[in-house]
Amino acid sequence: MSDPLSPDHVAWFRKMLEIRLFEEKVQELFMQGAIQGTTHLCQGQEAVSVGAIGAMRPGDVQTNTYRGHGEALALGMAPETAFAELMGRSSGCSGGVGGSMHLIDVSKGNIGANAIVGAGLPIAVGAAVAFQIRQQPHVALSFFGDGATNIGTFHEALNMAAVWTAPVVFIITNNLYGEYSPLRSTTPLDDLARRAGPYGFPGVIVDGQDVDAVHGATSDAVERARRGEGPTLLEMKTYRYRGHSRADPAKYRPEGELERWTSRDPIELLGARLAADGRVSPDDQAAMRAEVQAEIDAAADRAVQSPYPTLEETERYVYAG
Amino acid sequence: MSDPLSPDHVAWFRKMLEIRLFEEKVQELFMQGAIQGTTHLCQGQEAVSVGAIGAMRPGDVQTNTYRGHGEALALGMAPETAFAELMGRSSGCSGGVGGSMHLIDVSKGNIGANAIVGAGLPIAVGAAVAFQIRQQPHVALSFFGDGATNIGTFHEALNMAAVWTAPVVFIITNNLYGEYSPLRSTTPLDDLARRAGPYGFPGVIVDGQDVDAVHGATSDAVERARRGEGPTLLEMKTYRYRGHSRADPAKYRPEGELERWTSRDPIELLGARLAADGRVSPDDQAAMRAEVQAEIDAAADRAVQSPYPTLEETERYVYAG
Amino acid sequence: MSTLAEPLAAPSEPTTVELTYREAINAALEDEMAADEAVVLMGEDVSADGGVFKTNHGLVEQFGPSRVRNTPICENGFMGVALGMSLTGLRPVVEIMFADFLPTAGDAIVNQLPKYRYMSGGQFSVPVTVRSISGALGRFGTQHSATGESWFMSLPGLRVVTASSPGAAYELLRSAIHDDNPVIFHEHKALYGRKGTVRRGAIADLGKAAVLREGSDVTIVATLLMVERALKAADQLAADGISTEVIDLRWIRPLDLATIAASVSKTGRLVVSEEQVHAGGWGATIISELTMAGQSWHAAPRAVSLPADLPIPYSPPLENEIIPSVERIAAAARTALGR
Amino acid sequence: MSTLAEPLAAPSEPTTVELTYREAINAALEDEMAADEAVVLMGEDVSADGGVFKTNHGLVEQFGPSRVRNTPICENGFMGVALGMSLTGLRPVVEIMFADFLPTAGDAIVNQLPKYRYMSGGQFSVPVTVRSISGALGRFGTQHSATGESWFMSLPGLRVVTASSPGAAYELLRSAIHDDNPVIFHEHKALYGRKGTVRRGAIADLGKAAVLREGSDVTIVATLLMVERALKAADQLAADGISTEVIDLRWIRPLDLATIAASVSKTGRLVVSEEQVHAGGWGATIISELTMAGQSWHAAPRAVSLPADLPIPYSPPLENEIIPSVERIAAAARTALGR
Ligand SMILES: Cc1ncc(C[n+]2csc(CCOP(=O)(O)OP(=O)(O)O)c2C)c(N)n1
Ligand SMILES: Cc1ncc(C[n+]2csc(CCOP(=O)(O)OP(=O)(O)O)c2C)c(N)n1
Ligand SMILES: [Mg+2]
Ligand SMILES: [Mg+2]
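Residues numbered from 1 in each chain as written. Chains lettered and ligands numbered in written order. Predicted model: local features only at pLDDT ≥ 70, side-chain atom pairs only at ≥ 80, totals over all residues. Heavy atoms only, no water.

**Student:** Kindly report on the overall build of chain A, identifying the contributing residues and their values.
**Tutor:** Helices and strands together make up the secondary structure of chain A, namely 12 helices and 8 strands. The C-alpha radius of gyration computed for chain A amounts to 19 Å, which stays within 12% of the reference 20 Å derived for 321 residues, consistent with globular compactness. On the principal axes, the C-alpha backbone points of chain A span a range of 55 × 50 × 40 Å. Looking at chain A residue by residue over its 321 residues, the buried ones come to 66%. If you take every contact in chain A between residues at least 6 apart in sequence, the share linking residues at least 24 apart comes to 74%. For chain A, the exposed area adds up to about 10500 Å²; of that, 51% sits on carbon and sulfur atoms. Charged side chains in chain A number 28 positive and 40 negative. The centres of these two groups are separated by 3 Å. (Helix = DSSP H or I, 4+ residues; strand = E, 2+ residues; numbered from the N terminus. Rg over C-alpha atoms; globule rule 2.2 N^0.38 Å. Buried < 20%, exposed > 50% of the residue type's maximum accessible area, 1.4 Å probe, protein only. Contact = heavy atoms within 4.5 Å. Areas by Shrake-Rupley, 256 points an atom, 1.4 Å probe, with all protein chains shown as cover. Lys, Arg positive; Asp, Glu negative; His and termini not counted. Charge placed at Lys NZ, Arg CZ, Asp CG, Glu CD.)

**Student:** Give a description of the packing of aromatic side chains that names residues and reports values.
**Tutor:** A complete count under the given rule lists 30 aromatic pairs over all chains for this structure. Measuring from centroid to centroid gives 6.2 Å for A:Phe170 and A:Phe201, while their planes differ by 20 degrees, and the two rings are stacked. On the criterion of sequence distance, the pair formed by A:Phe170 in strand 4 (residues 168-174) and A:Phe201 in the loop between helix 7 (183-186) and strand 7 (203-207) is long-range, its members being 31 residues apart. Comparing A:Phe170 with A:Phe201, the two get one shared label, buried. Summarising the aromatic geometry, the rings of A:Tyr177 and A:Tyr239 are spaced 6.4 Å apart at their centres and angled 70 degrees between planes, so their arrangement reads as edge-to-face. Of this pair, A:Tyr177 sits in strand 5 (residues 177-178) while A:Tyr239 sits in the loop between strand 8 (232-237) and helix 9 (257-262); the two residues are 62 residues apart in sequence, bridging distant segments of the chain. One exposure class covers both A:Tyr177 and A:Tyr239, and it is buried. The residue whose ring lies beneath A:Arg89 is A:Tyr308, and the NZ or CZ to ring-centre distance is 4.1 Å. Its guanidinium or amino end placed over the ring of A:Trp164, C:Arg69 lies 4.8 Å from that ring's centre, counting from NZ or CZ. (Phe/Tyr/Trp six-rings, centres within 6.5 Å; stacked < 30°, edge-to-face > 60°. Lys NZ or Arg CZ within 6 Å of the ring centre and 35° of its normal.)

**Student:** So what about the pairing of strand 6 (residues 159-162) of chain D? Which residues, and what values?
**Tutor:** Residue and element names in this part refer to chain D. Of the two faces of strand 6, the one carrying Arg-159 and Val-161 and the one carrying Val-160 and Thr-162 are both buried. As judged from the 4 bridges shared by strand 6 and strand 7 (residues 183-188), these two strands associate in the parallel manner. Following the sheet pairing, Thr-162 is matched in strand 7 by His-186. Where strand 6 and strand 12 (residues 251-253) come together, 2 bridges link them in antiparallel fashion. Within the sheet, the bridge partner assigned to Val-160 lies in strand 12 and is Arg-253. (Pairing = 2+ DSSP bridges.)

**Student:** Describe the sheet that holds strand 14 (residues 302-306) of chain C, naming the residues involved and giving the relevant values.
**Tutor:** Residues and elements named next belong to chain C. Overall, mixed pairing links the 5 strands, which are arranged 9-11-10-13-14 in an open sheet. The sheet is open, and its two edges are formed by strand 9 (210-213) and strand 14, each paired on a single side. Strand-to-strand twist in this sheet, taken as the mean axis angle between neighbours without regard to direction, amounts to 25 degrees. With 4 bridges connecting them, strand 13 (residues 270-277) and strand 14 associate as parallel partners. Each bridged residue has a counterpart across the sheet, and for Val-271 the counterpart in strand 14 is Arg-302. Running over the sheet, helix 9 (residues 282-292) touches strand 10 (218-222) and strand 13 and is turned about 150 degrees from strand 13. Against the sheet, helix 11 (residues 326-336) contacts strand 10, strand 13 and strand 14, and its axis sits at roughly 160 degrees relative to strand 14. (Axes fitted to C-alpha atoms, helices over the stretch in contact; angles between N-to-C directions.)

**Student:** Describe the packing of helix 1 (residues 8-31) of chain B against helix 8 (residues 211-226) of chain B, and please don't skip the residues or the numbers.
**Tutor:** Residues and elements named next belong to chain B. Contact geometry of helix 1 with helix 8 gives a least axis separation of 12 Å together with a crossing angle of 110 degrees. As judged from the angle between their axes, helix 1 and helix 8 are roughly perpendicular. Pair helix 1 / helix 8 crosses with right-handed handedness. Contacts between helix 1 and helix 8 involve His-9, Trp-12 and Met-16 on the former and, on the latter, Val-211, Asp-212 and His-215. (Parallel < 35°, antiparallel > 145°, perpendicular 65-115°, else oblique. Left-handed = near helix turned anticlockwise from the far one by under 90°.)

**Student:** Go over the site of ligand 2, please, and point to the residues and values.
**Tutor:** Lining the immediate environment of ligand 2, one finds 21 residues, of which B:Tyr66, B:Arg67, B:Ala115, B:Gly147 and C:Glu75 sit closest. Mapping the residues adjacent to ligand 2 onto the chains of the assembly identifies chains B and C. B:Ala115 places a polar main-chain atom, nitrogen or oxygen, 2.8 Å from a nitrogen atom of ligand 2. B:Asn175 places a side-chain nitrogen or oxygen 2.9 Å from an oxygen atom of ligand 2. Bound to the protein, ligand 2 loses 97% of the 580 Å² it would expose on its own. A class-by-class count of the residues in the shell around ligand 2 yields 10 nonpolar, 6 polar and 5 charged. (Near = heavy atom within 4 Å. Polar contact = N/O pair within 3.5 Å; in protein donor to acceptor, adjacent residues only side chain to side chain. Nonpolar A, V, L, I, M, F, W, Y, C, P; charged D, E, K, R; others polar.)

**Student:** I'd like a description of the side chain of C:Glu32, backed by residues and values.
**Tutor:** Residues and elements named next belong to chain C. By the secondary structure assignment, Glu-32 is in helix 1 (residues 21-35). We classify Glu-32 as buried; its relative accessible area is 4%. If near-sequence neighbours (up to four positions away) are discounted, Glu-32 is found in contact with Val-39, Arg-174, Ile-177 and His-178.

**Student:** Report on the interface of chain D and chain C, specifying residues and quantitative values.
**Tutor:** Listed as interface residues are 42 residues of chain D and, on the opposing side, 42 residues of chain C. Of the roughly 3500 Å² buried where chain D meets chain C, counting both sides, 62% is carbon and sulfur surface. On the chain D side of the contact with chain C, D:Tyr118, D:Gln143 and D:Met292 bury the most area, a combined 17% of that side's loss. Inspection of the chain D/chain C interface yields 2 salt bridges. A salt bridge links D:Asp309 to C:Arg253; the shortest N-O distance between them is 2.6 Å. Contributing elements (two or more residues each) for the side of chain D that touches chain C: helix 4 (106-112), helix 5 (116-119), helix 9 (282-292) and strand 14 (302-306) of chain D. Considering each element in turn, the side of chain D that touches chain C owes the most residues, 8 residues, to helix 9 of chain D. Considering only residue class, the side of chain D that touches chain C consists of 21 nonpolar, 14 polar and 7 charged. (Buried area = accessible area lost by both parts, 1.4 Å probe. Salt bridge = Lys/Arg side-chain N within 4 Å of Asp/Glu carboxyl O.)

**Student:** Describe the site of ligand 1, naming the residues involved and giving the relevant values.
**Tutor:** Surrounding ligand 1, one finds 21 residues, the nearest of these being A:Tyr66, A:Arg67, A:Ala115, A:Gly147 and D:Glu75. One chain alone does not account for the residues near ligand 1; they come from chains A and D. Contact distances for ligand 1 include 2.9 Å between an oxygen atom and a side-chain N or O atom of A:Asn175. Protein coverage of the free-state accessible area of ligand 1, which is 580 Å², stands at 97%. Of the residues contributing to the shell around ligand 1, the split by class is 10 nonpolar, 6 polar and 5 charged.

**Student:** Go over the pattern of salt bridges, please, and point to the residues and values.
**Tutor:** Residues and elements named next belong to chain C. Under the counting rule described, the total for this entry stands at 67 salt bridges over all chains. Between Arg-194 and Glu-228 there is a salt bridge, and its shortest N-O distance comes to 2.6 Å. Here Arg-194, found in the loop between strand 7 (183-188) and strand 8 (195-200), pairs with Glu-228, found in helix 7 (residues 225-239); they are 34 residues apart in sequence, far enough to count as distant. Owing to a relative accessible area of 34%, Arg-194 belongs among the partly exposed residues under this scheme. Since its relative accessible area comes to 18%, Glu-228 is described here as buried.

**Student:** I'd like a rundown of helix 9 of chain D, residues and numbers included.
**Tutor:** Every α-helix carries 3.6 residues per turn, so stepping three or four residues along brings you back to the same face. The buried count for helix 9 of chain D comes to 10 of 11 residues, which makes it a mostly enclosed element. Residues D:Trp282, D:Gly283, D:Ala284, D:Thr285, D:Ile286, D:Ile287, D:Ser288, D:Leu290, D:Thr291 and D:Met292 constitute the buried set of helix 9 of chain D. Each element contacted by the buried residues of helix 9 of chain D is listed here: helix 9 and strand 14 of chain C together with strand 10 (218-222), strand 12, helix 8 (257-267) and strand 13 (270-277) of chain D. Count one or two residues on from helix 9 of chain D and you reach D:Gly294, which has phi positive near 90 degrees.

**Student:** Pulling in residues and values, what's your account of the coordination of the magnesium ion (ligand 4)?
**Tutor:** Under perfect tetrahedral coordination by four donors, a metal shows angles of 109.5 degrees; under perfect octahedral coordination by six donors, it shows angles of 90 or 180 degrees. Residues and elements named next belong to chain B. Around the magnesium ion (ligand 4), the protein supplies Asp-146 (OD), Asn-175 (OD1) and Tyr-177 (O) as donor atoms, at distances of 2.0 to 2.1 Å. When the donors of the magnesium ion (ligand 4) are listed by position in the chain, the intervening gaps give D-x28-N-x1-Y. Highlighted residues: Asp-146 in the loop between strand 3 (140-145) and helix 6 (152-163) and Tyr-177 in strand 5 (residues 177-178), separated in sequence by 31 residues. In this pair, the class of Asp-146 matches that of Tyr-177, namely buried. (Donors = N, O, S within 2.8 Å, 3.2 Å for Na, K, Ca; no water.)

Structure, rendered in structure tokens:
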């Protein structure tokens, strides 16, 4: 892809750095015990989150997964709010009761981060159909993994979206693994975009390391949906640098695989272009990284100051009204 | 299709007649209150049941649905046993506790008639995988409707079958309706065979009114599976003459549709060929029909003599051992 | 006039009409859809000739196929769709054709609907109503005869309600649709033809049981089809001079323990009559809660329930036999009274 | 030696070994798979580095990827596959990575496994064991912390069992796999590291609760993680001169009411300690059944349970707070004793 570089690229670069450094910090806080339980990091997948979210317009919504920190931050959640949620603090986006798998912010169009594989897809279809019914010009996106394409809700959601020509964009973050299982051990094909076939709408393979490619393909799909032409399935080819979750050392990877992917790191790819183009020099990039790092560190420091909620405070989260 | 007429055709013709007259009798018994509740008849679909079941070999198994009378009879269940089950009598195949939706006979390879849409598919895959694991040369078939291709288990079952190269044949009895809904109102394509695409195994469209076509396509798929080459999805284009169930007058059908299908009635098609070929004259066919009718009537008469089970008798059906 | 029942003219003042249970549900749907554009009805064949159980007559003609929406066969999927609709301002009513299919939508019902607001820290409300067509005696066999009324009673974030009569069905369904939380609404398929008085325009209180008959000797608590059987049992008992209080439990979650406790404090005797296995159900929960609260009994409470170890059989006489009968309910009350 | 524990040499004479709960499960799987070729293990990543919770170490090396089978992510689908396997002679053990995903397989669990034999008139047996990895305190959040131990307790045709210690886990899992009926076997993820004595080669009786500590003043019934807390509470109570009987319920279906009734007949006081909401659970069912059977209480029975109206929160201190603690269990026993 060779879109003319636009001002967005600098913002995207910064956001991708923010996501990367946020995730690294999460890992560190985990080691220190400041974050407990489990967490599913997305280093390596930043271009997917940033490029695709960048295609959304006000009023659009999306659902994502337990591996949703990238989308949450791309949608503008403050790192401090996200850290606080991961720490179970009352200033977290969900008051600390959700945790790492549920970074949700309805005010930013982030209507769900789901810990159940495949559950977010029908929810996005529902939002899309609601837009149709109320004649609102909005679109719903749904992010999910390659492994999620094997569960029934994937099929059910795509089928309903097709039958109803719903304004929804399905985004597979194909990072080649579902937990410890390589794609081809659970899925009978390499190119998941082909799974759009029986629904009669387009399936598109996208280079998930190239933020421009991601943004371009998603924008096309979003605008197609907005024009009333129905859903698209986008397959983002990408990779997660870390194991599935905290507990996973990712020993199952073939030798050299990680290196092949880090050699096309999405942040470095964009950084190289920004440097080549003269927009942001390597030095300025380093300065930006330091600045973001300082923000991230400060955000974590502030988050940890937030009190834990009390059970009583959280009672109002259960029933509305 | 123009397979040379073989002796099987006469047996098939008779079996199709048996199914047709069985279903008509069920309807009559319903009106009289001798059968209660609901029932899902398969008049018009006889060639699918008979042609496909005819491709099975000893040790092969199949699962079907609440609309499974045709498969049950084709597999050799005595009409009397089937009637008794529909009447809730203790001499029914399931001792009267199953009813119309569960004509099951494990001794004949009929390992399930399911009232839950889509539930039979993974069960068939499980049987097929068991054959693989135990290195038995058997194949599992699964019959289900067009509407069932929209539920998650369809996708999950086809995916697992593909990944494991399981010896299973998926048979869509595409009768154009799922309950009262025409196919295209719930499904974004006409040719459901295309749904095999993303699983990487063949999908085949078959004329479900032509018992030879059904038998040929199913035999090919069964033998392919037996050779270890994996699953096939067969789409049988057919039609049910009656409404979805007893309660349904089928008023939603466009005018002329039923007539278009009855003009290619599977029994008449085969009957015409048998007559043209000189194998079974129209008179002999009429005699055969009368004979089968008498058998059916007698079977129903005997079935109604069977006592109802007692609750105590049925207790042993709950837990094994 | 394509609807079964006249639409609601002035919702402020209830007017009394005679409707069948089926018509009452139709009227509640119609009134809610007319009053609020956000209300949509969805499910398999909901708009086809009034729906499979004919509860939806005239709705698609009045509100169009977008708001009365047929779905493909995929309960978990369309339940998720309803959730997504609710997050963006709609108030979906989902029809589940047989209660037995609720587990097909198991993830959406257990992990999504009740928890969605909570795990977002209260950012959403989830006004989804699930209409579950429940109950046996249709000779539908073991996979189509469940009530499932207690299956989800342990889930915080959810409400569960049952309708035993046309009047209750109308008011409770409206109450369910009005509530900003997910509610599973159980209707019993054997009741559709029953006639009764409906206060058109009224709406039921959330979480309140209904004392249908006052009495002093024994309390019978029931739901769905068991309510009319309990009332008939009370008639039989009255002939023997036994004064029976009959409570229609209505809400399984939240349980109206106060109303039941007040009744049992008076009668000292309790029979729970339930079209379900006793284990893990509302009957057991009520007896446990009262006992834990120190209830003193004149006689041990009793349950008339489905057999613990028998699925619902198809065979008509067997199905009849296992569903609690008027006689068995009355007998349980008599035993409690030592008669 | 790739397995965690030595394989069983002579299954006839139990030998006593010290194993962790995780190793005990591994040993049960290994012994069953070694003894019977029909036993297969399946689920998501069951063979990947010992499985997600490392219970399956060495099994794929020993028995191969066909019998230790990774599945795609599709709980309802692969539960149906297990059913199909069982109909044709295999004895599948299905791992459900978190109990919260049991509802994802809702149809297979509710409508298929328990009913399949019944609706065929007894033509099949369905020897499927479902291993459900259950329980809170992992800081996994509200969609990954359920026990679900009572969710399916009302289903005729099914059995449900829980393992509270390494010894129980070993013997009960073998018992589940041996049984010719579908069994849901609950393991608690907070217990995997616990050490204990395992009688390798032994097998538990079906449907029998275990009296772990005898006492005369109060009975505590518990399952899973609550059992060790109940035992600790009993120690605390003993220091105050209170004699506590602790029963590990083990089987939720069938319920061993006889063992509990015998204990309560002696103590007259009962505390159920459960990592679940009280409504619709085994605790409520036990209290109801005893009360209906005419149990006379020295003091009202009590339940130490999860809050009725709160999902399990992620925030660590809150999660700690809502799970019944040793102190709350002891306090309930003291209250029952009026102390
Ligand atoms: C219904 C369900 N089954 C299993 C799991 C456990 N699980 C969590 S993530 C995961 C793998 C998902 O893989 P993929 O969809 O590729 O997403 P990724 O983690 O790679 O982002 C599994 C099996 C779950 N959360 N939900
Ligand atoms: C999970 C589930 N949802 C809904 C139903 C109700 N139902 C029974 S048959 C049917 C239509 C199925 O259509 P199709 O698969 O085309 O089969 P056909 O009846 O035409 O043979 C429906 C919706 C069911 N039995 N199971
Ligand atoms: Mg993945
Ligand atoms: Mg059909």
